[in-house]
Amino acid sequence: MKKYLALLFASLAVSSFAVEKVGSSIAEGAESTAPAFENMPKDNGKIGLNYVNQPPMIPHSVKGYQVTKNTNQCLNCHGVENYRTTGAPRISPTHFMDRQGNVSAETSPRRYFCLQCHVPQADVDPIIENQFEPTKGFGGK
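Definitions and limits used
Residues numbered from 1 in each chain as written. Predicted model: local features only at pLDDT ≥ 70, side-chain atom pairs only at ≥ 80, totals over all residues. Heavy atoms only, no water. Helix = DSSP H or I, 4+ residues; strand = E, 2+ residues; numbered from the N terminus. Buried < 20%, exposed > 50% of the residue type's maximum accessible area, 1.4 Å probe, protein only. Contact = heavy atoms within 4.5 Å. Polar contact = N/O pair within 3.5 Å; in protein donor to acceptor, adjacent residues only side chain to side chain. UniProt positions renumbered as here; feature names shortened; annotations may be inferred. pLDDT = per-residue confidence, 0-100. Phe/Tyr/Trp six-rings, centres within 6.5 Å; stacked < 30°, edge-to-face > 60°.

**Student:** Any chance you could explain the environment of Asn72 here in plain terms?
**Tutor:** Mapping Asn72 onto the fold places it in the loop between α1 (2-27) and α2 (75-78). Using a relative accessible area of 7% as the deciding quantity, one classes Asn72 as buried. A C-alpha to C-alpha distance of 7.7 Å links Asn72 and Tyr112, two positions 40 residues apart in sequence. For Asn72, the residues in contact, after removing those within four places along its chain, are Gln66, Val67, Tyr112 and Cys114. A polar contact is formed between the side chain of Asn72 and the backbone nitrogen of Cys74, at a distance of 2.9 Å. Within the local environment of Asn72, its side chain forms a polar contact with the backbone oxygen of Tyr112, the two atoms lying 2.7 Å apart.

Here you go:
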């Protein structure tokens, strides 16, 4: 019995060491490296698209913007009521349609959380190399 207990404890110690080793190597990998987003542009104007139906990219910092179920600070500038006075592009009419194509006066819940599709840009080195090529006819960079 003692022999089995000793063997059991030894195997547990080895397996916990292996888990710690794997966990630490994963934690130190590229996947956990946060990009350096301190190089956000002030406002670069419109950024070229790379493919058909690509959501427009955000040409300014969104640091500190609040987008929750009750508040969407993007709409302060891009909403139908304000875009003329702010000079910001108005949100697309598609953002007012539900899945069946019915148009509403309010932003559709599925299009309300802007940062799901629209992403800010920053001048940073890529974490993982990218082989993407823009669709022919789209400038990108």
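**Student:** What is the right way to look at the UniProt feature "binding site: heme c 1" (unreviewed entry) in the protein in this model?
**Tutor:** The positions UniProt marks with the feature "binding site: heme c 1" (unreviewed entry) are His60, Cys74, Cys77 and His78. The annotated residues occupy 19 residues of the chain but converge on a single region, no pair of C-alpha atoms lying more than 13.0 Å apart. Among all residues touching Cys74, those that are not within four sequence positions of it are Tyr65, Val67, Gly79 and Cys114. Here Cys77 is to be found in helix α2.

**Student:** Looking at this structure, how should I read unusual backbone geometry?
**Tutor:** Positive phi values are uncommon outside glycine, yet Asn53 reaches one of about 65 degrees. Tracing the sequence through the fold places Asn53 in the loop between α1 and α2.

**Student:** What should I look at first to understand the environment of Leu115 in this one?
**Tutor:** Note on placement: Leu115 falls in the segment after α3 (83-86). Among the residues examined, Leu115 registers a relative accessible area of 38% and is labelled partly exposed. For Leu115 and Met57, which are 58 residues apart along the polypeptide, the C-alpha to C-alpha distance reads 9.7 Å. Excluding residues that lie within four positions of it along the chain, Leu115 makes contacts with Ile58, Val62 and Pro120.

**Student:** Explain the confidence of the model for the protein here, please?
**Tutor:** Summarising the model, the protein shows a mean pLDDT of 75, and 67% of its residues fall at 70 or more. Between the elements of the protein, mean pLDDT differs from a low of 45, seen in α1, to a high of 94, seen in α3.

**Student:** I would appreciate a short explanation of the environment of Ser108 in the present structure.
**Tutor:** One can find Ser108 in the segment after α3. Between the C-alpha atoms of Ser108 and Met97, which are 11 residues apart in sequence, the distance is 6.0 Å.

**Student:** Sorry, what's going on with the side chain of His118 here?
**Tutor:** Considering the arrangement of structural elements, one finds His118 in the segment after α3. A residue is classified by how much of its surface remains accessible, and His118, at 18% relative accessible area, is buried. A polar contact is formed between the side chain of His118 and the backbone oxygen of Pro56, at a distance of 2.7 Å. If sequence neighbours within four positions are ignored, His118 has contacts with Pro55, Pro56, Ile58 and His95.

**Student:** Whenever I open this one, the packing of aromatic side chains confuses me. Can you help?
**Tutor:** Remark: the centre distance and the inter-plane angle together describe each pair of aromatic rings, the angle taken between the planes. If you walk through the whole model with that rule in mind, you get 2 aromatic pairs. Summarising the aromatic geometry, the rings of Tyr51 and Phe132 are spaced 6.5 Å apart at their centres and angled 75 degrees between planes, so their arrangement reads as edge-to-face. Of the two residues, Tyr51 sits in the loop between α1 and α2 while Phe132 sits in the segment after α3, which places them 81 residues apart along the sequence. Plain terms: the ring middles of Tyr112 and Phe113 are 5.2 Å apart, the flat faces sit at 90 degrees to each other, and that makes the pair edge-to-face.

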